[in-house]
Amino acid sequence: MAASTSTTVACDTCGRRNRVPAAAEGRPRCGNCGAPLPWITDAGDDDFAEIAGKPAPFVLVDLWAAWCGPCRMVSPALEQVAHELAGKVKLVKVDIDQAPGLAQRFQVQAVPTLLLLDKGEVVARQTGAAPAHALRQWVEESIAGRR
């Protein structure tokens, strides 16, 4: 996905559909009601810095592979967490087979590998699938430790 692309997301509060760019300053909000929108996008070797390198919000990186069963199982849980923590985290999905440079940079030895970035710095790391409630707790505790 190129950094100039956007996705259409329904607001969890009012249902209005909004375009959310892959890369932007700040946090996306609904144009109708102003509620924070979930920010979920893909990135690769070429556009990761632009998409995930912005100062806010925290970036939850899902390093996954298409052939990985646990990766497919954890994806909906991560999307749920992105919806629940809209305005606090941006979920960036990286297919390591399509982005070998990022797999090497983050020393991925198993998938899924989840990273929480604060201003581009890895502040938390977890390997393996987990249910949504456990992922949300991990993200919230990691964020709380940075404040």
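Residues numbered from 1 in each chain as written. Predicted model: local features only at pLDDT ≥ 70, side-chain atom pairs only at ≥ 80, totals over all residues. Heavy atoms only, no water.

## Quick word on the pattern of salt bridges
Taken as a whole and assessed by the stated rule, the structure comprises four salt bridges. The partner of Lys 93 in a salt bridge is Glu 79, and the shortest N-O contact between them spans 2.4 Å. Linking Lys 93 in strand S5 (residues 89-95) with Glu 79 in helix H2 (residues 69-84), this pair joins segments that are 14 residues apart in sequence. For Lys 93, a relative accessible area of 11% puts it in the buried group. Note that Arg 136 and Glu 84 form a salt bridge whose closest N and O atoms lie 3.2 Å from each other. Here Glu 84 lies in helix H2 and Arg 136 lies in helix H4 (residues 132-144), a separation of 52 residues in the sequence. Because the salt bridges share partners, they merge into one network encompassing Glu 84, Arg 136 and Glu 140. (Salt bridge = Lys/Arg side-chain N within 4 Å of Asp/Glu carboxyl O. Helix = DSSP H or I, 4+ residues; strand = E, 2+ residues; numbered from the N terminus. Buried < 20%, exposed > 50% of the residue type's maximum accessible area, 1.4 Å probe, protein only.)

## Digging into the packing of aromatic side chains
Remark: the centre distance and the inter-plane angle together describe each pair of aromatic rings, the angle taken between the planes. Taken as a whole and judged by the stated rule, the model has one aromatic pair. Between Phe 48 and Phe 106 the ring centres are 5.7 Å apart and the planes differ by 70°, which places this aromatic pair in the edge-to-face class. Placement of the pair is Phe 48 in helix H1 (residues 48-52) and Phe 106 in the loop between helix H3 (100-105) and strand S6 (113-118), with a sequence separation of 58 residues. Classification of Phe 106 by relative accessible area gives buried; the value is 6%. (Phe/Tyr/Trp six-rings, centres within 6.5 Å; stacked < 30°, edge-to-face > 60°.)

## Overview of the pairing of strand S1 (residues 6-10)
Pairing analysis gives five bridges linking S1 to strand S2 (residues 17-21), with the strands arranged antiparallel. Across the sheet, residue Val 9 finds its bridge partner in S2, namely Asn 18. What sits between the antiparallel neighbours S1 and S2 is a turn of six residues, in which Gly 15 has the positive phi angle 90°. (Pairing = 2+ DSSP bridges.)

## Details of the sheet that holds strand S3 (residues 39-42)
Ordered by their spatial adjacency, five strands build an open sheet running S3-S5-S4-S6-S7, and the pairing between neighbours is mixed. Of all the strands in the sheet, the pair left with one neighbour each is S3 and strand S7 (121-127). Mean inter-strand twist for the sheet, computed between neighbouring axes without regard to direction, equals 20°. Inspection of the sheet shows strand S4 (residues 58-64) paired to S6 by five bridges, in the antiparallel sense. Residue pairing across strands places Asp 62 opposite Leu 114, the latter belonging to S6. Packed on one face of the sheet, H2 meets S3, S4, S5 and S6 and runs near 160° to S5. Across the sheet, H4 lies against S4, S5, S6 and S7, angled at about 30° from S6, the strand it touches most. (Axes fitted to C-alpha atoms, helices over the stretch in contact; angles between N-to-C directions. Contact = heavy atoms within 4.5 Å.)

## Quick notes on the nonpolar core
Of all hydrophobic cores here, the largest spans 23 residues; its most connected members are Phe 48, Val 61, Leu 63, Val 92 and Val 94. Broken down by secondary-structure element, the contributors of at least two residues to this core are H1, S4, S5, H3 and S6. Those residues within four positions of Val 61 in sequence are excluded, and the remaining contacts are Phe 48, Val 92, Val 94, Thr 113, Leu 114, Leu 115 and Leu 117. Of all hydrophobic cores here, the second largest spans 19 residues; its members include Val 74, Leu 116, Leu 135 and Trp 138. (Core = buried A, V, L, I, M, F, W, Y, C linked by side-chain atoms within 4.5 Å.)

Honestly, it's all geometry; don't read function into it.
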